[in-house]
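# Observations on the model geometry
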Amino acid sequence: MVGLKRAHYRETRLPMLLLLPQLLVLLLFFFIPAVRALSQAFVITDAFGTSVQFVWFDNFHRLFLSPEYRSAAWITLWFTLVQNILTIVVAGALAFATDRVIRLRGLYRSIVLLPYAIAPVIAGILWAFLFNPSVGPVAHVLKAVGIAWDPNRSGFDAFLLVTLAASWKHICYDYIFLVAALLAVPPSLLEAAAVDGAGPWLRFRRIALPMIGPTVFFLVTMNFVYGFFETFAIIDAVTHGGPGGATMILVYKVYLDGFVHIDLGSSAAQSVLLMIFAIGLTLLQFRYADRRINYDV
Amino acid sequence: MGVFKRYLVAGALALAAVGLAGQASAQQRVEVQFWHAMGGVLGERVAEIVKRFNASQSKYTVVETNKGNYDEVINGVIAAYRAKKHPQLVQIYERGFMTMLLSGAIVPVQDLLTEKKKAIDWADLVKPVASYYQYKGKLMSMPFNSSTPILWFNKEHFEKAGFSGPADTWQEFEQQLYTIRTKGISECGSALANDYFWSLIENYSIINDQPFGTKANGYDGLDTEFVYNKTKVVGQVTRLKKWVDDGVMQIAGQGLNPEQLFTSGKCSTFFASTAAHGSVEREAKIKWSATFMPHEQGIAAHNSTIGGATIWTLKGHKSEEYDGVAEFLSFVASPDLQVWWHKVTGYVPITNKAYQVAKAEGYYKDNPTREIAILQLNRGTQTENTRGFHFGNFTQTTFALREELESVFAKKKTPQQALDDSVRRGNDILRQFEKLNAGKY
Amino acid sequence: MVERARTLDIACHALLILGGLLVCLPIYFAFVVGSHTVSDVLTIPPPWLPGRHFFDNTVTAWQKGNLGRLFLNSLIVAVGITVGKIAVSLLSAFAIAYFRFPWRMTAFWLIFASLMLPVEVRILPTYEAVANVALPLQWLLDALDVGRWFGVEITLDWNMMNSYGGLILPLIASATATFLFRQFFLTVPDELCEAARIDGASPMRFFWSVLLPLSRANMVALGIILFLYGWNQYLWPLLFTTDKSMATAVIGLKNLIPQSDSEPAWNIAMNAALLVMLPPVIVVMALQRWLVKGLVDSGK
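Residues numbered from 1 in each chain as written. Chains lettered and ligands numbered in written order. Predicted model: local features only at pLDDT ≥ 70, side-chain atom pairs only at ≥ 80, totals over all residues. Heavy atoms only, no water.

## Regarding the overall build of chain A
Tallying secondary structure elements over chain A gives 12 helices and 3 strands in all. Each of the three principal axes of chain A carries a C-alpha extent, and together these read 75 × 75 × 30 Å. Of the contacts formed within chain A by residues at least 6 apart in sequence, a portion of 66% connects residues at least 24 apart. Total accessible area on chain A is roughly 11,800 Å²; 70% of this is exposed by carbon and sulfur atoms. (Helix = DSSP H or I, 4+ residues; strand = E, 2+ residues; numbered from the N terminus. Contact = heavy atoms within 4.5 Å. Areas by Shrake-Rupley, 256 points an atom, 1.4 Å probe, with all protein chains shown as cover.)

Here is the structure:
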């Protein structure tokens, strides 16, 4: 049996009891709500829940026809993509540098790690302030050098702002994993390569990079998960999806349509689409996790 | 299993406790819950009304709770209704009218007060207020805080530019703003308020007798469609965009209060609710005044429309609680209270009687700008374009409008494109509402 | 390192210093702004150096945001989630790794499947679930028409809105933590279990006196991550607390951010931001090594 200790107990009641709390929570707050979301996606209902109509795939149909939904999907894609690349490249550079330096390594690591403690919403607030056109120091510098900057008016500026904030918050996560992965590269291999005359860059590309490949793959998936779901707080605190829908990511739209506009059918349909996407991401993640589990056991 | 069981028991005990508490107070005074959206100073005023009411009689206790802003209150009450934990009374903004009306969750206020034999002169209500909240000739909810936008201006700026005050028409007013700017009198001509879609778009449409939607703005049927992409509203949006592009109008943005741009003397004018009287009087470091909203050249100015909120009565409570509701609502509608409320908040009095009382006291001689709103609301003859708006899911359609207007200011869309998109989105939302409520209106 | 390459080393230091500055810049300015008065904040150019009103602002922020109460809430919620998650996952992992019983793989897959349902995609129905936890039971009763047997209408109602239970309980299921402990249990030598059995210890006894002490390191490492996770929760408390005194510090902070129709009190907001991030920052700084271990292990 997979993942079972060789020395194990044969009992039925006890393990069921042990699993009960977890399964109960999952049932009440995960599975039943998920099924409910699924069923709500096929009806329309008024805010007070007094009339309900079954509409088949109408909610989905409306979504696919809606330019606003398509635009939100594109924005989400760009947002997660830019955020992903920015995060992993910066984290990679910092991790590579950390791996090379000897002095002050601990200090550098502590500082880069700092944003891990900071909630996404706080990261959003910090950056919103820096770039606030009327009071922000960075916005002031931008204005001084002649760059017109106004995230309240320009969609591009707002998009840039939330992307920067989201990446700033997440670099530390990728960094931790990359530092750990680089540490795990056997020094003997590197030394042998150095003796053969390979420079630092060549050694990194030929030896370290392939060895940290799985970690990078894992991080890219995790960055997508982060960008898709956990950046909700940044959007909610900084832009509310605006201006003109320029930062309307899919998760925020689910919330807005469901909780603010009380268009439950549409919101549920959006949830279902997101769920399908989340399942895809998880399976991708699991492929990686699966391999790691096999190595470890 | 143990854990779950214990929680169930705890839950049951808690419920029992709640039930007992309810009974205990029922023996003394009947409690009426009132949820509202008034924070800050306005919240204190509401608390005062409730305090006065509770002291005025011994049978009922009204409990007021601030449940956040208007959006939060309507969402809160919807969630509470679904969980069967809703209050008897709730303050809902004008945009929620159709949602509330067709919710199947409300008791029409005129029916209730008639049934409870409260003598209220329904015909005495200020017309645009009454017409907004009426359905089939009957008032559905009790008008509470009603406002309308007026034009606030900096007297000194206008005098320096050689004007006695803002002009009546948009065309002349625009020239004034550009003159003020070219003469370098102020940094910006006008500050864009956050509810500009209400003051500068919706009210513009009403004042200039433009149809916002078909079927008399939704009064004559759920199959109404927005048409403001084919009216003078397009020109208005073009004008606003030009102002913003030329720096004549300033968008305050996050963390900056547009009203402060005006009260600090940075911007010369400000289109905002008459309810801003309280804060402008307190904050202004300038010599200010206010006047009527401008109108288009060649169009006679009609009445403006209201904003603000009314108090709705919700279904599903005990008869004696509704006695308390009726008592409280007639207290709110009484002229004395209305006059006081009008004075301390800047909202318009909801009855003509209250207005006459204030006038007879000479209140408007000392405070001429306080009279603008009610005069403006009563201006001209009502047409089917100026009664108000009866659109379903109006918050949602307004959100679409705002989002599209933001695209205009961001130079992503032309005014025509944006309004076309906004109308398309709005109509889609209206059709949903129609489908869901077919035959109810 | 293998050889010395001075330019590369200097470049690395420069890069790290730059990175460090980028990390610190927003925090530094939060400190600067948090120590000025509103009017100083609004001056042009904005202040670049700290002012003298930091503690005044702290007092204002603390009172205005009701932060005393909210910090307590956050602490209870964060600790509750941490302890709950660890306890629930330990038990599940023990069951899955050490017992052979029917439905074992089903349970494993059910827990795994929860990974695919982040709260963000089931916002609305979860809201209903929290508003009345007994709802599923009610459906069951309705479906079986139990009420008619007794001639009464049975309404079950268990509202967890605005309660610590509602903020904690739904969040204590965790596939990641379960897998982490399971992973660890698989590395524990089989001899320990066999020895315990020979000594006549029951499974739970073995769990308590052998497995739990062995897992201490993992528990601490995971505990840090979960504490941060709990403290920094946003969407959940946003939805499930309508009573302002039951909100968490992070939500309280959000309400202090100047919106377009309020006073531009950025000094108060930024001061509060520093306060709210302080507990997790202390945790991260003090327990850095554990945090790194926990993260890397749970990523496996």
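On we go from here.
## So, the environment of B:E64
All names here are of chain B. Relative to the helices and strands, E64 is located in strand β2 (residues 60-66). Under the relative-accessibility criterion, E64 is labelled partly exposed at 27%. On a C-alpha basis, the gap between E64 and A47 in space is 6.8 Å, while along the polypeptide they are 17 residues apart. Apart from residues lying up to four places away in sequence, E64 is in contact with F34, H36, V46, A47 and V50. Polar side-chain contacts of E64 include one of 2.7 Å to the side chain of H36. (Buried < 20%, exposed > 50% of the residue type's maximum accessible area, 1.4 Å probe, protein only. Polar contact = N/O pair within 3.5 Å; in protein donor to acceptor, adjacent residues only side chain to side chain.)

## Considerations on empty space enclosed by the protein
All names here are of chain B. Inspection of the entire model under this criterion finds 7 cavities of 30 Å³ or more. Empty space within the second largest cavity amounts to approximately 360 Å³. Class assignment for the residues of the lining of the second largest cavity results in 13 nonpolar, 11 polar and 4 charged. Three or more residues apiece are contributed to the lining of the second largest cavity by two domains, here domain 1 (2-147 + 307-366) and domain 2 (149-304 + 392-436). (1 Å grid on protein atoms, 1.4 Å probe; cavity = no way out; pocket = protein on both sides within 12 Å on 5 of 7 lines; lining within 4 Å. Points joined across faces, edges and corners; volume = space filled by probe spheres on them. Nonpolar A, V, L, I, M, F, W, Y, C, P; charged D, E, K, R; others polar. Domains from an automatic or database assignment.)

## Here we look at the layout of surface pockets
Here the second largest pocket is characterised by a volume of approximately 1,000 Å³. As for the second largest pocket, its lining consists of 35 residues, of which A:P133, A:K143, A:D150, B:Q250 and B:I251 are closest to the centre. Going through the elements one at a time, α6 (137-144) of chain A together with β10 (249-251) and α12 (258-263) of chain B are the ones with two or more residues in the lining of the second largest pocket. Ranked by residue count, the leading element in the lining of the second largest pocket is β10(B), at 3 residues. Looking at the lining of the second largest pocket residue by residue, the class counts come to 19 nonpolar, 7 polar and 9 charged.

## Topic: the interface of chain A and chain C
Each partner contributes residues to the interface: chain A has 103 residues there, and chain C has 119 residues. Across the interface of chain A and chain C, roughly 10,700 Å² is buried in total on both sides, 75% from carbon and sulfur atoms. Counting the surface chain A buries against chain C, the share from its top three residues, A:K5, A:Y9 and A:F29, is 8%. In this structure, the connection of chain A to chain C is made through 5 salt bridges. In this structure, C:D190 engages A:K5 in a salt bridge whose closest nitrogen and oxygen atoms are separated by 3.7 Å. (Buried area = accessible area lost by both parts, 1.4 Å probe. Salt bridge = Lys/Arg side-chain N within 4 Å of Asp/Glu carboxyl O.)

## Quick word on the packing of helix α9 (residues 196-207) of chain B against helix α19 (residues 394-409) of chain B
Residues and elements named next belong to chain B. It is at 11 Å that the axes of α9 and α19 come closest, and there the two elements cross at 90°. One finds that α9 runs roughly perpendicular with respect to α19. On the side of α9, the interface is formed by Y196, F197, I201 and E202, while α19 contributes F394, T398, L401, R402, L405, E406 and F409. The residue inventory of the contact of α9 with α19, partitioned by class, reads 7 nonpolar, 1 polar and 3 charged. (Axes fitted to C-alpha atoms, helices over the stretch in contact; angles between N-to-C directions. Parallel < 35°, antiparallel > 145°, perpendicular 65-115°, else oblique.)

## Some thoughts on unusual backbone geometry
All names here are of chain B. The phi dihedral of K136 is positive, around 50°, even though this residue is not glycine. Under the relative-accessibility criterion, K136 is labelled exposed at 69%. In this model, N217 sits at a positive phi of 55°, which is unusual for a non-glycine residue. Within the element layout of this structure, N217 appears in helix α10 (residues 214-217). Relative accessible area serves as the criterion here: at 0%, N217 is assigned to the buried category.

## Looking at the pattern of salt bridges
For the coordinates displayed, the defined rule picks out 35 salt bridges over all chains. A salt bridge links B:E94 to B:R95; the nearest nitrogen and oxygen atoms lie 3.3 Å apart. Taken individually, B:E94 and B:R95 each receive the classification buried, so the pair is uniform in this respect. The residue B:D223 makes a salt bridge to B:K215 at a minimum N-O spacing of 3.5 Å. B:D223 sits in the partly exposed class, given a relative accessible area of 36%. The structure contains a network of salt bridges with shared partners spanning A:E68, B:E403, B:E404, B:K413, B:D421, B:R424 and B:R425.

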